[in-house]
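# Examining the three-dimensional arrangement
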Amino acid sequence: MSEVHVLSHPLIVDKLTRMRREDTSSQDFRQLLKEISLLMGYEVTRDFATKQVTVKTPVCEGAFPALAHRFITIAPILRAGIGMVDGLLELMPFAHVGHIGMYRDEETHQPVEYYYKMPENVEDSVVIVVDPMLATGGSANDAIDSLKSRGCSSIRLMNLVAAPEGIRAVQQAHPDVDIYVAAVDEGLNEHAYIVPGLGDAGDRIFGTK
């Protein structure tokens, strides 16, 4: 079974609390999401492999640790996932960015894929799937299914807020994919929104309704 990592760093939880406020502007919401994504990125990448490389410093030559693999793909689930990309790119400017387009059918609450674009040879990279909300788990599972069907095997899921239902759904469907979240909330309401949550992340990022 995959592991669930709840990243309760004081700076992360403080920023998340500010994002939850209904009077937080889209501008502030976007900035806080970027900052949280950068902070979460440290933990998502904590166990990345390193190797020794030879470097000549101004003083002498020596062996030092460096990333063993620099092929990393950030895969936001459109559209809200876009809000998490800038923070991760600030941390890893060398990373590639792919996109998975999903929308939720308002009647069935099930995700529908309408767009998929990844870097060439993505199957050789570590893929970090990002989406602010993990509600039913449908979009995350479909995104991971799409990646696996194209040969990807090293996948991590990064969410801001998760519902227990969504976590269970992903763990059952993809027991090999670890989940990284800033908070696990109470659950879902009758409209499949996370409670207490922070509302529709896409609308709050982009100022839409």
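These numbers come from a predicted model, not from an experiment. (Residues numbered from 1 in each chain as written. Predicted model: local features only at pLDDT ≥ 70, side-chain atom pairs only at ≥ 80, totals over all residues. Heavy atoms only, no water.)

### Examining helix H1 (residues 10–20)
The test is simple: For every residue, the accessible area (1.4 Å probe, protein chains only) is compared with the maximum for its type, and the residue is labelled buried under 20%, exposed over 50%, or partly exposed between those bounds. Here a helix means four or more residues in a row that DSSP labels H or I, a strand means two or more in a row labelled E, and each is numbered from the N terminus. The arc in question is the one spanned by the directions pointing from the helix axis to the C-beta atoms. Contacts: residue pairs with any heavy atoms within 4.5 Å of one another.
Ile12, Lys15, Leu16 and Met19 are the residues of H1 that are buried. Buried residues of H1 fall within an arc of 100° about the axis and therefore sit on the same side. The secondary structure elements touched by the buried residues of H1 are helix H2 (26–44), strand E9 (155–162), strand E10 (178–184) and helix H6 (201–206).

### Focus on the environment of Ile205
Residue placement: Ile205 occurs in helix H6. With a relative accessible area of 1%, Ile205 lands in the buried category.

### Structural notes on the side chain of Gln171
With respect to the helices and strands, the residue Gln171 is situated in helix H5 (residues 164–173). In this view, Gln171 contacts Met1, Ser2, Val4 and Ile179; residues no more than four positions away in its chain are not counted.

### A word on helix H4 (residues 138–149)
The condition is simple: By definition here, a helix of n residues has an expected span of 1.5 Å times n minus one.
Over its 12 residues, H4 extends 16 Å from the first C-alpha to the last, a length consistent with the 16 Å expected when each residue adds 1.5 Å. Those residues of H4 lying buried are Gly138, Ala140, Asn141, Ala143, Ile144, Ser146 and Leu147. One or two steps after H4, the chain reaches Gly151, where phi turns positive at roughly 100°.

### A short note on the nonpolar core
Here is the rule: Only buried residues count toward a nonpolar core. Its members are Ala, Val, Leu, Ile, Met, Phe, Trp, Tyr and Cys residues joined through side-chain atoms within 4.5 Å.
Counting residues in hydrophobic clusters, the biggest one holds 35 residues, and the most contacted among them are Leu16, Met19, Met40, Met158, Leu160 and Leu198. Listed by contribution, the elements that provide at least two residues to this core are H1, H2, strand E4 (72–78), helix H3 (85–91), strand E8 (126–134), E9, E10 and H6. Per-element accounting of this core gives the leading share, 6 residues, to H2. Once residues within four sequence positions are removed from consideration, Leu160 is found in contact with Leu16, Met19, Leu33, Ile36, Met40, Met84, Asp131, Pro132, Val181, Ala182, Ala183 and Leu198. Formed by 23 residues, the second largest nonpolar core is a distinct cluster that contains Met102, Val122, Ala143 and Ile144.

### Structural notes on the pairing of E8
Rule in force here: Whether two strands pair comes down to DSSP finding at least two bridges between them.
In terms of burial, E8 is largely enclosed, as 9 of its 9 residues are buried. Of the strand pairs in this sheet, E4 and E8 are connected by 5 bridges, and their pairing is parallel. Within E8, the position partnered with Ala75 by the bridge is Val129. The pairing of E8 with E9 spans 7 bridges and is classified as parallel.

### Let's talk about the pattern of salt bridges
We count it as follows: Should a side-chain nitrogen of Lys or Arg be within 4 Å of a carboxyl oxygen of Asp or Glu, the pair is scored as a salt bridge.
Enumeration over the complete set of coordinates arrives at 9 salt bridges. The salt bridge partner of Arg18 is Asp14, with a shortest N-O separation of 3.5 Å. Remark: Asp14 and Arg18 occur in helix H1; sequence separation between them is 4 residues, near one turn of the helix. Given a relative accessible area of 39%, Arg18 falls into the partly exposed group. By relative accessible area, which is 39% here, Asp14 ends up partly exposed. In this structure, Glu43 engages Arg46 in a salt bridge whose closest nitrogen and oxygen atoms are separated by 2.8 Å. The exposure class of Glu43 is partly exposed, given its relative accessible area of 27%.

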